[in-house]
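Summary of structural features
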Protein chains: 2
Amino acid sequence: MTTAPTPPSSVETLAVIGVGLIGGSIALAARQTGAAKRVIGVGRNADRLEQARLAGVIDVGVKSLTDIADADFVVVCTPVDRIVADVLAATAVVRPAAILTDAGSVKGTICRQLEQQGVSNFVGSHPLAGSEKGGFEHARADLFQNRLCVVTPVESSIADHVATIEQFWRQLGMRTERLTPERHDQILALTSHLPHLTASALAALIDDTALPFASSGFRDTTRVAGGDAQLWAAILSQNAAAMQRALTQLTQRLDRFSEVLAHGDTMQLMHLLVEGQLRREAFERRDEGPGRGGEGPETRD
Amino acid sequence: MTTAPTPPSSVETLAVIGVGLIGGSIALAARQTGAAKRVIGVGRNADRLEQARLAGVIDVGVKSLTDIADADFVVVCTPVDRIVADVLAATAVVRPAAILTDAGSVKGTICRQLEQQGVSNFVGSHPLAGSEKGGFEHARADLFQNRLCVVTPVESSIADHVATIEQFWRQLGMRTERLTPERHDQILALTSHLPHLTASALAALIDDTALPFASSGFRDTTRVAGGDAQLWAAILSQNAAAMQRALTQLTQRLDRFSEVLAHGDTMQLMHLLVEGQLRREAFERRDEGPGRGGEGPETRD
């Protein structure tokens, strides 16, 4: 752990709801960077919480939200279809001055439902980091180092809250960007959710007669199809509208390829492939630079 | 190099036409395993051939096919749209008893055109190996170790020729499987060509506003979109019919996802994702085993 000056707005008591890969990494990173002095982990399994505590991921593990009444800052790291309920339950317990955020891969439904419920001390976040591993055993304090966190205030969000949340993520080593919840969902549909769905579709086309002949192109392109189906069903469902638009864009492009193949137009085919190649190269250049993006967290139990 | 007993049917003189990544690796592997006693490399650039010779990839480099008259075994490793012409030119030069094969990623057009031309000493091959790097500088003698080579005889192929070709690939460390040219193209459309095209399409959807938010899911799923567009345009064009069928299968599955999202049917969505997850896991189990597949070679100059 690097010796850092006491951060000006270090959180006294951080509550992490859902101590999986992401929640566990937030807890670890907050303890190690001094972003929080004390970390309470909230979960449903007392044994797992105790293991997390023994592993140094959290200071104390609790099963009941009533035990986070003293929390100044709450990060909800449960699966996307539980976040609204968990935020509502937490706001009923913590002080009005407490600030809440989440780590969910979809923002629109979460932020707008909480806004409609009159929750004024929550602003959504989506830290783009993670790995395909699940569970706090794989938590790493450096998971967020130099990764990007999207913060998604709504129109009624309080500026100080947004700033405090951004400050928190930066203390864990992240860069931050602001997007509206809707713009976030639209972009992530294209950069993350559609690739996952497409990888799954490609994998499903390969029966046992074709399997022996699948190789490195298949390996790379379908890697993410191995992801947790329940987790991804929840993410894709929550982002259904943006997913359908993204799917339309993809199928239109695939239809264009099909036309061009039917016409035997190799030049036009090459032109289409070059467009993809150039965007891939743009990504690789960005990736090699100091500012890297990151995968949406796969929140797990 | 392992000390191997002299292979029973080691080739006296091997000619490799096109000394790129694949041709270069074949040359290196043949020299190192003793599969061939002498390797002639044929290319269009005298400097490159000399560099390949100095690097120990080939014994001698020539620009003219007349210089391979003594070859017993010829492997054509040029891009798919040049293979037929190169095989025809080589058959005009070598002895009738010589055997020819290729390394092209598409087999139907090549094998059927040569069959129609009355070429009886050629049988198509597709060694599933390679990397995204091009050029003989990246050639490796172990590129084929434990990889799969598909050999695609036609009905009129001579059994001894097929056996000799399979023996050659096995001496380079490969396992072999036989498929008809058409079955090969159908399978590779699904396992390799469609994933490449789809990766390209996914990458092309990401404009500069979305690029900063692309991350590990995008990185894996679009990796192969960085491939050589000219090379892949030729491959996809040559396999146009099978590609269109593969594209139809994919878009049908994507449309199914779209319906399910529109109906908010999260259970059915999960079911679809599980199908992809199971096939991906089947691939990973196969991959961990001793028998691995391999990527179609990306033949380059």
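Since the model is a prediction, treat every value here as computed from it, not as a measurement.

**Some thoughts on the interface of chain B and chain A**
- Listed per partner, the contact involves 86 residues of chain B and 86 residues of chain A.
- Here chain B is connected to chain A by six salt bridges.
- Note that D220 of chain A and R223 of chain B form a salt bridge whose closest N and O atoms lie 3.2 Å from each other.
- Seen at the junction of chain B and chain A, the total is 28 residue pairs in polar contact (both at pLDDT 80 or more).
- Contributing elements (two or more residues each) for the side of chain B that touches chain A: β7 (148–152), α6 (181–204), α7 (216–221), α8 (229–238), α9 (240–262) and α10 (266–288) of chain B.

**Brief notes about unusual backbone geometry**
Residue and element names in this part refer to chain A.
- Despite not being glycine, N146 has its phi angle at roughly 60 degrees, a positive value.
- Turning to its location among the elements, N146 is positioned in the loop between β6 (124–128) and β7 (148–152).
- Taking the relative accessible area as the measure of exposure, N146 reaches 29% and is therefore partly exposed.

**As for the relation of the copies chain B and chain A**
- The transform that puts chain B on chain A rotates by 180 degrees and translates by 0.0 Å along the axis, for an RMSD of 0.0 Å. Expressed as a symmetry operation, the mapping of one chain copy onto the other fits a two-fold axis. Minimal C-alpha separation from the rotation axis in chain B is found for T221 of chain B, amounting to 2.1 Å.
- A high fraction, 100%, of the interface residues of chain B reappear at the interface in chain A, so the copies pair face to face through one surface.

**Quick look at the environment of I165 of chain B**
All names here are of chain B.
- If you trace the backbone, I165 turns up in helix α5 (residues 159–171).
- On a C-alpha basis, the gap between I165 and I99 in space is 7.9 Å, while along the polypeptide they are 66 residues apart.
- Among residues more than four places away in sequence, those in contact with I165 are F73, I99, L100, T101, V123, S125 and V151.

**Examining the side chain of T251 of chain B**
- Relative to the helices and strands, T251 of chain B is located in helix α9.
- Those residues in contact with T251 of chain B that sit more than four places away from it in its chain are T251, L254 and D255 of chain A.

**Concerning the domain arrangement of chain A**
Residues and elements named next belong to chain A.
- Annotation of chain A at the domain level lists domain 1 (11–179) and domain 2 (184–287).
- With 13 residues of domain 1 at the contact, the number on the domain 2 side is nine residues.
- With both sides pooled, the region where domain 1 packs onto domain 2 buries about 940 Å², and carbon together with sulfur makes up 69% of that total.
- For the pair domain 1 and domain 2, the interface holds zero salt bridges.
- The interface formed by domain 1 and domain 2 contains four residue pairs in polar contact (both at pLDDT 80 or more).
- At the level of secondary structure, the elements contributing two or more residues to the side of domain 1 that touches domain 2 comprise α4 (108–116), β6 and β7.

**Some details on the pattern of salt bridges**
- Counting across every chain of the model gives 40 salt bridges over all chains.
- Among the ionic pairs, D142 of chain A bridges to R140 of chain A, the shortest N-O distance being 2.9 Å.
- For R140 of chain A, a relative accessible area of 41% corresponds to the partly exposed category.
- Here R112 of chain B and E115 of chain B are joined by a salt bridge, their closest N and O atoms 3.0 Å apart. In this pair, R112 of chain B and E115 of chain B both sit in helix α4 (residues 108–116), three residues apart, roughly one turn of the helix.
- The partly exposed category is assigned to E115 of chain B, whose relative accessible area is 27%.

**Points about the pairing of β7 of chain A**
Residues and elements named next belong to chain A.
- Counting buried positions along β7 yields five of five residues, so the element is predominantly enclosed.
- Going residue by residue along β7, you find L148, V150 and T152 tucked away on one face and C149 and V151 tucked away on the opposite face as well.
- Examined bridge by bridge, β6 and β7 share five bridges and lie antiparallel to one another. Looking at the pairing, P127 lines up with C149 of β7.

**Looking at the packing of helix α9 (residues 240–262) of chain A against helix α10 (residues 266–288) of chain A**
Residue and element names in this part refer to chain A.
- α10 packs onto α9 with a crossing angle of 155 degrees between their chain directions and a minimal axis gap of 9 Å. By the criterion of interaxial angle, the relationship of α9 to α10 is roughly antiparallel. On the side of α9, the interface is formed by R253, R256, F257, V260 and L261, while α10 contributes Q268, L269, L272, L273 and E275.
- Grouping the constituent residues of the contact of α9 with α10 by class yields six nonpolar, one polar and three charged.

Procedures and definitions
- Residues numbered from 1 in each chain as written.
- Chains lettered and ligands numbered in written order.
- Predicted model: local features only at pLDDT ≥ 70, side-chain atom pairs only at ≥ 80, totals over all residues.
- Heavy atoms only, no water.
- Contact = heavy atoms within 4.5 Å.
- Salt bridge = Lys/Arg side-chain N within 4 Å of Asp/Glu carboxyl O.
- Polar contact = N/O pair within 3.5 Å; in protein donor to acceptor, adjacent residues only side chain to side chain.
- Helix = DSSP H or I, 4+ residues; strand = E, 2+ residues; numbered from the N terminus.
- Buried < 20%, exposed > 50% of the residue type's maximum accessible area, 1.4 Å probe, protein only.
- Least-squares fit on C-alpha atoms with pLDDT ≥ 70 in both.
- Domains from an automatic or database assignment.
- Buried area = accessible area lost by both parts, 1.4 Å probe.
- Pairing = 2+ DSSP bridges.
- Axes fitted to C-alpha atoms, helices over the stretch in contact; angles between N-to-C directions.
- Parallel < 35°, antiparallel > 145°, perpendicular 65-115°, else oblique.
- Nonpolar A, V, L, I, M, F, W, Y, C, P; charged D, E, K, R; others polar.

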